[in-house]
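Architecture at a glance
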Amino acid sequence: MKKRISFLYELCVCLAGVCLIYLFFHSRNLLFVKGSTQDYCRLEPQGCVVEKDRRAPVGIREIYQIHPSEIPAESNALVFRTVHQNVDVYIDHKLVFRLKKAAGTPGGRSPGSRWNTALILAEQQGKEIRVEIQPVYEAVKGLTPVFYAGTRYSIYMEIVRQDCLSMLLSMIAIMIGIGFMVFTAYSCHSLAFDRSLFMMGQFAMLIGIWKLADTGLFGLLTKREDMASYLSLLALLLLSVPFTQYIREMFSRRDHWIWNGLCMVHIGIFLLSVGLQALDIADLREMLWLVHLSLLLTVFVIIPMLYAEVQTVGWSRRLKAMAVCISFCAAGLGTDMVIYYRSGGVRVTNLGMIGFLIYITVLGVVSLQDARRLIAIGMRAKHLEQMAYHDQLTGLYNRAAYAEDTKAEKFSAKGSIVVMFDLNNLKYCNDTFGHDKGDLYIITCAGWIFQIFGPAGKCYRMGGDEFCVLLKNTTRQECEDLLARLKQETNNWNRTKQEAFAAQIAAGYALFDETSDFDLADTRSRADKMMYQDKFQMKQEQEADSCL
């Protein structure tokens, strides 16, 4: 089920990417600004007049009158932020600015949340300004924008001041997320790969993208504030699954059906929201309450699961850290949601973001410590495995590795060639030149065997002066060619007299025969007989040479 959820979630991420790409090229706001183009002041409009308008999205227009006496002299811009509202700005009854969703483009009815800049030309200074706003959703009716008049530079610097903390926190979350994901990708070969830390990184990135795109400064800098709204909403829709997937790994009952069910609910909400948006039935903004509901549902699931975990296994370090972090997240998120809905979606705070950063940092550090411990265990296990299946003197595989390889379920003796080797005169070398020279004799011969036969098969030291090579997909002729190369290597060594001892390697081989061999042990016995015959022949030749 986990793999299915991961596949569905990755599908949702791809779908979100496709939506953003499509909207980037096809979604357009109709923006009209008359004029061309630095202190500022905050304006207080002379009340708001609400007029009925059948052509407006919710049937009303909200009209704000700004008297010339309120506008500082030499002002060249009127700047204000709207949230899912169409805008018309008139100076002396002449239209100078318009914002609304361009007809026939995808992305719903809303132009998004954005800062609007209506330029004031020199000849328009001292004239009355009228701002007509049409709410796109019922939730933003009566939402009064904050108006600034002055120079564009000074107003934009005020926007930077307001949003710099949110952008900083968002960038920190994104960098932490990237760090976790890079660490996981780098470490996946060093330990049993666990997606939980990767999901934590994905969650941190989505948190950062959500809050970053939600700032007015981000849209102002990118000059595509409609896309910033979609990016923010899609990131928010996607973050629930990695959050849940990471949290579940904290529990011993991580395979409980409730986790899979919760992930499927999150995925269902994403698909429903995107589907309704694509069919132009409801905008993503209108489905935001479902996202908030799913996040609350996640918290309500975690609490009883945490209680059951404590009753079962007690308070672990990870559970304590998670309980504290979830409390911070719940408090911050709850406060953000209350302020968000009471302000009609205009006011946002950084409390939830700070709570999530605490969560990401604390649990991320705990997870990294656990990951480092697993890496150390994995490295030790790998070292122990190396010692268990490798000969310490030569580095070749040992007898235990040979037994493991030939008894494995996937091993087939058919087509296998067993080559056996024995080093002549090893005892004489040890007794005459010392055990150091005897070890050098073994290491040197093992090096030749590995160099020549290693590319074609696996090489084993079966013990003492006995070696074995297991060849697959190799013909008899190819095996004999390799043996000839080995004999040539020993002859070259002996001719150059690089050491006081002479090297002699007796060898024999046998191909598995299904008609006569019960298993590979029979094949190895036949190779042994051939090897002893070669050994006997070498000794006879050596005795004949010594008589001459």
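Each remark here, short or long, concerns the structure printed above.
Notes on the structure in this doc start here. Please read these numbers as outputs of a predicted model, since none were measured by experiment.

1. Structural notes on the packing of helix α13 (residues 435-453) against helix α14 (residues 476-496)
Packed helices, taken two at a time, are described by their axes: the angle between them and the distance between them. Running from N to C, α13 and α14 point in directions that differ by 145 degrees, and their axes come no closer than 10 Å. Every pair of crossing elements has a handedness; the one defined by α13 and α14 is right-handed. Residues Thr 444, Trp 448, Ile 449, Ile 452 and Phe 453 of α13 pack against Leu 482, Leu 483, Arg 485, Leu 486, Glu 489, Thr 490 and Trp 493 of α14. Of the residues assigned to the contact of α13 with α14, the class counts are 8 nonpolar, 2 polar and 2 charged.

2. Examining the pattern of salt bridges
Enumeration over the complete set of coordinates arrives at 14 salt bridges. Connected through salt bridges with shared partners, the residues Glu 51, Asp 53, Arg 55, Arg 61, Arg 130 and Glu 132 form a single ionic network.

3. A few points about the nonpolar core
Within the largest apolar cluster, 54 residues are counted, with the highest numbers of intra-cluster contacts made by Leu 234, Leu 239, Phe 251 and Phe 270. At the level of elements, α1 (2-26), α2 (152-187), α3 (195-214), α5 (225-238), α6 (240-248), α7 (257-278), α8 (288-313) and α10 (351-389) are the ones that each hand at least two residues to this core. If you tally residues by element for this core, the top one is α8, at 9 residues. Setting aside residues no more than four positions away along its own chain, Leu 234 makes contact with Ala 16, Cys 19, Leu 20, Phe 270, Val 274 and Leu 284. Listed in part, the 29 residues of the second largest apolar core include Cys 445, Ile 452, Cys 459 and Trp 493.

4. Some remarks on the packing of helix α12 (residues 426-433) against α13
Where α12 meets α13, the closest approach of the two axes is 7 Å, and the angle between their N-to-C directions is 145 degrees. Of α13, the residues touching α12 (which contributes Leu 426, Cys 429, Asn 430 and Phe 433) are His 435, Lys 437, Gly 438, Tyr 441 and Ile 442. Tallied by class, the residues present in the contact of α12 with α13 amount to 5 nonpolar, 3 polar and 1 charged.

5. Examining the packing of aromatic side chains
Both the distance between ring centres and the angle between the ring planes are used here to describe each pair of aromatic rings. This model, assessed by the stated rule, comprises 11 aromatic pairs. Centroid distance Phe 421 to Phe 453: 5.3 Å. Interplanar angle 70 degrees. Geometry classified as edge-to-face. You can see Phe 421 sitting in strand β12 (residues 417-423) and its partner Phe 453 sitting in helix α13, a full 32 residues away along the chain. A relative accessible area of 0% means that Phe 421 is categorised as buried. Arranged with centres 6.4 Å apart and planes meeting at 90 degrees, the rings of Tyr 428 and Phe 433 form a pair that is edge-to-face. The exposure class assigned to Tyr 428 is exposed, which follows from its relative accessible area of 53%. Phe 433 sits in the partly exposed class, given a relative accessible area of 34%. Among the aromatic residues, those joined into a cluster by ring pairs are Tyr 441, Trp 448, Trp 493 and Phe 501.

6. Points about unusual backbone geometry
Backbone geometry places Asp 92, a non-glycine residue, at a positive phi of 55 degrees. Assignment of secondary structure puts Asp 92 in the loop between β6 (85-91) and β7 (94-101). By relative accessible area, Asp 92 is classed as partly exposed at 37%. Positive phi values are uncommon outside glycine, yet His 93 reaches one of about 65 degrees. Relative to the assigned elements, His 93 resides in the loop between β6 and β7.

7. Side note on the environment of Tyr 460
With respect to the helices, strands and loops of the structure, Tyr 460 is situated in strand β13 (residues 457-463). In this structure, the C-alpha to C-alpha distance between Tyr 460 and Leu 470, residues 10 residues apart in sequence, is 8.2 Å. Those residues in contact with Tyr 460 that lie beyond four places of it in its chain are Leu 396, Tyr 397, Asn 398, Ala 401, Tyr 402, Asp 405, Phe 467, Cys 468 and Leu 470. At 2.7 Å, the side chain of Tyr 460 forms a polar contact with the side chain of Asp 405.

Definitions and cut-offs
- Residues numbered from 1 in each chain as written.
- Predicted model: local features only at pLDDT ≥ 70, side-chain atom pairs only at ≥ 80, totals over all residues.
- Heavy atoms only, no water.
- Axes fitted to C-alpha atoms, helices over the stretch in contact; angles between N-to-C directions.
- Helix = DSSP H or I, 4+ residues; strand = E, 2+ residues; numbered from the N terminus.
- Left-handed = near helix turned anticlockwise from the far one by under 90°.
- Contact = heavy atoms within 4.5 Å.
- Nonpolar A, V, L, I, M, F, W, Y, C, P; charged D, E, K, R; others polar.
- Salt bridge = Lys/Arg side-chain N within 4 Å of Asp/Glu carboxyl O.
- Core = buried A, V, L, I, M, F, W, Y, C linked by side-chain atoms within 4.5 Å.
- Buried < 20%, exposed > 50% of the residue type's maximum accessible area, 1.4 Å probe, protein only.
- Phe/Tyr/Trp six-rings, centres within 6.5 Å; stacked < 30°, edge-to-face > 60°.
- Polar contact = N/O pair within 3.5 Å; in protein donor to acceptor, adjacent residues only side chain to side chain.

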